[in-house]
Amino acid sequence: MAKGLLIKGYNGFYYVESAGEIWTCSLRGRFRIKNQDFLAGDHVEFTKLEHPKGVIEKVYDRTNQLVRPAVANVEKALVTFAFANPQPDFLLLDRILIQVLFQRVTPVICFNKRDLVDEATAAAVMKPYQDAGFETVAVSAGENRGIETLKEKLDGRIVVLAGPSGVGKSSILNRIDSGFCLATGALSRKTERGRHTTRRVELLPLGNSTYIADTPGFSALYLPEELKKEELAAYYPEFAEAALYCRFTSCLHDREQDCEVKNDVAEGILDKGRYQRYCTFLNELKEREGKY
Ligand SMILES: Nc1nc2c(ncn2[C@@H]2O[C@H](COP(=O)(O)OP(=O)(O)O)[C@@H](O)[C@H]2O)c(=O)[nH]1
Ligand SMILES: [Mg+2]
Ligand SMILES: [Zn+2]
């Protein structure tokens, strides 16, 4: 029996990568009867028939499972924004970070279009996220800079892209592997929506055992449904140390007295923008829980 990675399912066939080869697999009858779901990203065992045919015998337990796109075992999210054109929407960035962390996926924050800003601007944009402990990388897909560093950060993982349109996601993927030839620019954006409703997810190999889903995720406008207001601060790693010194262990860092998080924001130790957006999300959660 061979082990492999399910790259995509299409028309009842499952494409499994194993030792650099793609096997076209069907399912054992008992799987078909149970109507078990098989997702891109699943680790499977299969029997090799006449090359390149095979039969999937077993699926390993998943570490996680995303709904949009439907991918299993996602380890990293390449959260992509642009330094300019369009200006970074930090509220959206922080919302995506919460969604990503909620799914137990590790974010890599990638700021593209480095060619459009000077060094001081780029550093100021990235600093709050670096201080929070997130992996960040500045790239220019246009000038082909920073791409090798980005590749290293994704090594050996199943990756999902996130970020608004126009920031250069397709351009970055094309730089990572020019074999993709993904459509970039306004034309592709127009057709993207219609295409994604009918298309199945496919994992694209980036080399070094790295795979990236061809459909972006984490675009929802709302915070995860199960997220409680008491849990929100846990998604701000930079608050953790100060929170130990708040007077109340249940401190929401909101209107409480003797809140060390608020003190650190006032003193400029913690980033004001990140804190303000925390408050925005906290109010959203309070409103949702109906406890004003
Ligand atoms: N100046 C500059 N423009 C870029 C860069 N990367 C992408 N673009 C342009 O930004 C636009 C959107 O890029 P695209 O890859 O389609 O973005 P996507 O919607 O996120 O996939 C295109 O016109 C690209 O040519 C970059 O590094 N610098
Ligand atoms: Mg695109
Ligand atoms: Zn506090």
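Before reading further, recall that the structure is shown in the block above.
Our subject in this report is the structure included herewith. Only a predicted model underlies this, so the values are computations on that prediction, with no experimental measurement involved.

**Digging into the overall build of the protein chain**
Along its length, the protein chain carries nine helices and 13 strands. Taken across its 292 residues, the protein chain has 34% of its residues classed as buried. A sequence separation of at least 24 residues applies to 66% of the contacts in the protein chain between residues at least 6 apart.

**Here we look at unusual backbone geometry**
Cis geometry marks the peptide bond from His51 to Pro52, where omega comes out at 5 degrees. Residue placement: Pro52 occurs in the loop between β4 (43-48) and β5 (53-59). A cis amide bond, omega 5 degrees, links Asn85 with the succeeding residue Pro86. Within the fold, Pro86 resides in the loop between β8 (76-82) and α2 (90-102). Positive phi, close to 55 degrees, is recorded for Asn11, a residue that is not glycine. Among the secondary structure elements, Asn11 is positioned in the loop between β1 (2-10) and β2 (13-18).

**What about the pairing of strand β9 (residues 106-112)?**
Within a regular beta strand, the side chains point alternately toward one face of the sheet and then the other, so they alternate between its two faces. Burial of β9 is extensive: five of the seven residues sit out of reach of the surface. Here β8 pairs with β9 via seven bridges, running parallel. Paired with Thr80 across the bridge in β9 is Cys110. After leaving β8, the chain enters α2 and then returns to the sheet as β9, a path that is right-handed.

**Examining α2**
An α-helical turn contains 3.6 residues, so any two residues separated by three or four positions project in the same direction. Over its 13 residues, α2 extends 18 Å from the first C-alpha to the last, a length consistent with the 18 Å expected when each residue adds 1.5 Å. Listed as buried for α2 are Leu93, Asp94, Arg95, Ile96, Leu97, Ile98, Gln99 and Val100. Structurally, α2 contributes buried residues whose contacts are with β8, β9, β11 (158-162) and α9 (272-289). Looking one or two places after α2, you find Arg104, whose phi comes out positive at around 60 degrees.

**Quick look at helix α3 (residues 119-131)**
In this model, α3 (13 residues) spans 17 Å end to end at C-alpha, consistent with the 18 Å of a helix rising 1.5 Å per residue. By the largest-angle criterion, Val125 marks the main kink of α3, which is about 30 degrees, and a proline, Pro128, follows within four residues. The first or second residue beyond α3 is Gly133, which carries a positive phi of 100 degrees.

**Notes on the nonpolar core**
The biggest cluster of nonpolar side chains holds 55 residues, and the ones touching the most others in it are Val16, Val71, Val79, Val160 and Ala162. Each of domain 1 (2-59) and domain 2 (65-213) contributes no fewer than three residues to this core. Residues Leu232, Tyr236, Cys251 and Leu270 belong to the second largest nonpolar core, which totals 11 residues.

**With respect to the sheet that holds β11**
The six strands lie next to each other as β10-β9-β8-β11-β13-β12, forming an open sheet whose pairing is mixed. The outermost strands of the open sheet, each flanked by one partner alone, are β10 (135-138) and β12 (203-207). Between one strand axis and the next, the sheet turns through 30 degrees on average, direction left out of account. Together, β8, β9 and β11 form the strand contacts of α2, whose direction differs from that of β8 by roughly 175 degrees. Along the sheet, α3 contacts β9 and β10; its crossing angle with β10, the most-contacted strand, is approximately 165 degrees.

**Quick notes on the sheet that holds β5**
Strand order in the closed barrel made by the five strands is β1-β2-β3-β5-β4, with mixed pairing throughout. When the angles between neighbouring strand axes are averaged without regard to direction, this sheet yields 55 degrees.

**Section: the pairing of β10**
Pairing between β9 and β10: four bridges, direction parallel. Across the sheet, Cys110 pairs through a bridge with Val137, a residue of β10.

**Remarks on the packing of α2 against α9**
Their axes nearest at 10 Å, the elements α2 and α9 cross at an angle of 70 degrees. Between α2 and α9, the angle falls in the class roughly perpendicular. In the packing of α2 onto α9, the handedness of the crossing is right-handed. Taking contact as the criterion, the partners of Phe90, Leu91 and Asp94 in α2 are, on α9, Gly273, Arg274, Arg277 and Thr280. Per-class residue counts for the contact of α2 with α9 are two nonpolar, two polar and three charged.

Calculation criteria
- Residues numbered from 1 in each chain as written.
- Chains lettered and ligands numbered in written order.
- Predicted model: local features only at pLDDT ≥ 70, side-chain atom pairs only at ≥ 80, totals over all residues.
- Helix = DSSP H or I, 4+ residues; strand = E, 2+ residues; numbered from the N terminus.
- Buried ≥ 20, exposed ≤ 12 C-beta atoms within 10 Å, placed from the backbone.
- Contact = placed C-beta atoms within 7 Å.
- Pairing = 2+ DSSP bridges.
- Right-handed = clockwise from strand over helix to strand, strands pointing away.
- Expected span 1.5 Å × (residues − 1).
- Bend = angle between axes of the 7 residues up to and from the residue.
- Core = buried A, V, L, I, M, F, W, Y, C linked by C-beta atoms within 7 Å.
- Domains from an automatic or database assignment.
- Axes fitted to C-alpha atoms, helices over the stretch in contact; angles between N-to-C directions.
- Parallel < 35°, antiparallel > 145°, perpendicular 65-115°, else oblique.
- Left-handed = near helix turned anticlockwise from the far one by under 90°.
- Nonpolar A, V, L, I, M, F, W, Y, C, P; charged D, E, K, R; others polar.

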